[in-house]
Amino acid sequence: MKYSIAFFSILLFSCGIDNYIYLEPVGSGNVAVISNTYATVNLSSMSENIYFKYFALYYRIYISGLPLSGTVSTDLFTAVNSYLSSDYNAFAPYLNNTSISTSVDTLFTNRQHRRIALEGASIEDVLAVDRTTIVFDFAQNPGSTPYLQIGGQEYLLQRSNGNGIFFPEPSNRYFFNTSDLNSSANATSSVNADVANADISGARYTYVALYIVATGMDNNFAPIYSAPTFIGVFSLPETF
């Protein structure tokens, strides 16, 4: 009998059952949103997880004909842009889940979501932290560039260029509602691949949906992810 127990113990170790790697997601209760312009996120404690590397931020921009001044609740998603609703519904089963059976990065990129960048800094370095608060500010003051704040330092948010596979307009890649950004002609895979188009006439507005994911690397140097956490939907300010 003791040999059977020993064999079973060896089997457990060799199968990796006792070595399940888990990255704690940011709790939905750690997110506070004020209107459609401001949010705070209290980051999870990751210091004791040797596999954790940094927090990644995924986003997609949506063109809309709907002006909103308050919080963009889920019941408004379809009215803002049908893609916003369908994207959120596709992610909903994975949000704050305790077990993820798919690559979160693939889940997002397959729905044309990209990773946010920071001007003049590596987000991988800036968000390699835990037990702190990050702030997102999309203040509706013309010319006030949306930013991320952490540890008293502000970083201007920048859209992705897909590591050079598409060429966003405007070229400064700031999160402003401009005619180049909300143009249907530019909402293509080679220009604004991070923008969901809408067939509208009249005034054109843009909104961004944000998600946060803890990322890391396993013993085989393969990327691992926590469950994603929805932060909110924010209105992009106008330029000067």
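Whatever comes next refers back to the structure up there.
Note that this is a predicted model, so its numbers are computed, not measured. (Residues numbered from 1 in each chain as written. Predicted model: local features only at pLDDT ≥ 70, side-chain atom pairs only at ≥ 80, totals over all residues. Heavy atoms only, no water.)

## Section: the packing of aromatic side chains
Then, number 1: Per the stated rule, a full pass over the model turns up 13 aromatic pairs.
Then, number 2: Where Tyr-88 meets Phe-230, the ring centres are 5.1 Å apart and the plane angle is 65 degrees; that geometry is what we call edge-to-face. Separated by 142 residues along the polypeptide, Tyr-88 in helix α3 (residues 82–91) and Phe-230 in strand β12 (residues 229–235) bring together distant segments of the chain.
Then, number 3: Overall, the relative accessible area of 18% leaves Phe-230 in the buried class.
Then, number 4: A network of ring pairs unites the aromatic residues Tyr-58, Phe-77, Tyr-88, Phe-91, Phe-108, Tyr-211 and Phe-230 as a single cluster.
Then, number 5: It is Arg-60 that lies over the ring of Tyr-83; its NZ or CZ is 5.5 Å from the centre. (Phe/Tyr/Trp six-rings, centres within 6.5 Å; stacked < 30°, edge-to-face > 60°. Helix = DSSP H or I, 4+ residues; strand = E, 2+ residues; numbered from the N terminus. Buried < 20%, exposed > 50% of the residue type's maximum accessible area, 1.4 Å probe, protein only. Lys NZ or Arg CZ within 6 Å of the ring centre and 35° of its normal.)

## A look at the pairing of strand β7 (residues 147–150)
Then, number 1: The pairing of strand β6 (residues 133–137) with β7 spans four bridges and is antiparallel. By the bridge assignment for β7, Ile-134 is matched with Ile-150.
Then, number 2: Pairing analysis gives four bridges linking β7 to strand β8 (residues 153–158), with the strands arranged antiparallel. Looking at the pairing, Gln-149 lines up with Glu-154 of β8.
Then, number 3: What sits between the antiparallel neighbours β7 and β8 is a turn of two residues, in which Gly-151 has the positive phi angle 60 degrees. (Pairing = 2+ DSSP bridges.)

## Observations regarding the environment of Ile-200
Then, number 1: Here Ile-200 is to be found in the loop between β9 (195–196) and β10 (205–217).
Then, number 2: When the C-alpha atoms of Ile-200 and Ser-64 are compared, they prove to be 7.4 Å apart, with 136 residues separating the residues in sequence.
Then, number 3: Discounting residues that sit within four places of it in the chain, Ile-200 has contacts with Ile-63, Ser-64 and Gly-65. (Contact = heavy atoms within 4.5 Å.)

## Here's the deal with the pairing of strand β2 (residues 38–42)
Then, number 1: Burial along β2 is one-sided: Ala-39 and Val-41 are buried, and none of Tyr-38, Thr-40 and Asn-42, which face the opposite way, are.
Then, number 2: Two strands pair when backbone bridges link them, and strand β1 (residues 31–34) and β2 are joined in this way by four bridges, in the antiparallel orientation. From the neighbouring strand, Val-33 faces β2, where its bridge partner is Ala-39.
Then, number 3: The loop that links β1 with its antiparallel partner β2 comprises three residues; one of these, Ser-35, has a positive phi angle of about 55 degrees.
Then, number 4: With five bridges joining them, β2 and β6 adopt antiparallel strand pairing. Residue pairing for β6: Tyr-38 is matched across the bridge by Asp-137.

## Examining the nonpolar core
Then, number 1: Membership of the largest hydrophobic core comes to 38 residues, with the highest contact counts inside it found for Phe-136 and Ile-231.
Then, number 2: For this core, the secondary structure elements donating two or more residues are β2, β3 (52–64), α5 (123–126), β6, β7, β8, β10 and β12.
Then, number 3: Counting residues per element, this core draws most heavily on β3, which supplies six residues.
Then, number 4: Not counting residues up to four positions away in its chain, the partners in contact with Phe-136 are Thr-37, Tyr-38, Ala-39, Val-41, Leu-57, Tyr-147, Leu-148, Leu-157, Leu-210 and Ile-231. (Core = buried A, V, L, I, M, F, W, Y, C linked by side-chain atoms within 4.5 Å.)

## Topic: the pattern of salt bridges
Then, number 1: Taken as a whole, this structure holds four salt bridges when the rule is applied.
Then, number 2: The closest approach of N and O atoms between Arg-111 and Asp-87, which form a salt bridge, is 2.7 Å. Here the residue Arg-111 occupies a position in the loop between α4 (104–109) and β4 (114–115), and Asp-87 occupies one in helix α3, the gap between them amounting to 24 residues.
Then, number 3: Assessed through its relative accessible area of 26%, Arg-111 is described here as partly exposed.
Then, number 4: By relative accessible area, Asp-87 is classed as buried at 1%.
Then, number 5: If you follow the salt bridges from partner to partner, you end up with Arg-60, Asp-87 and Arg-111 in one network. (Salt bridge = Lys/Arg side-chain N within 4 Å of Asp/Glu carboxyl O.)

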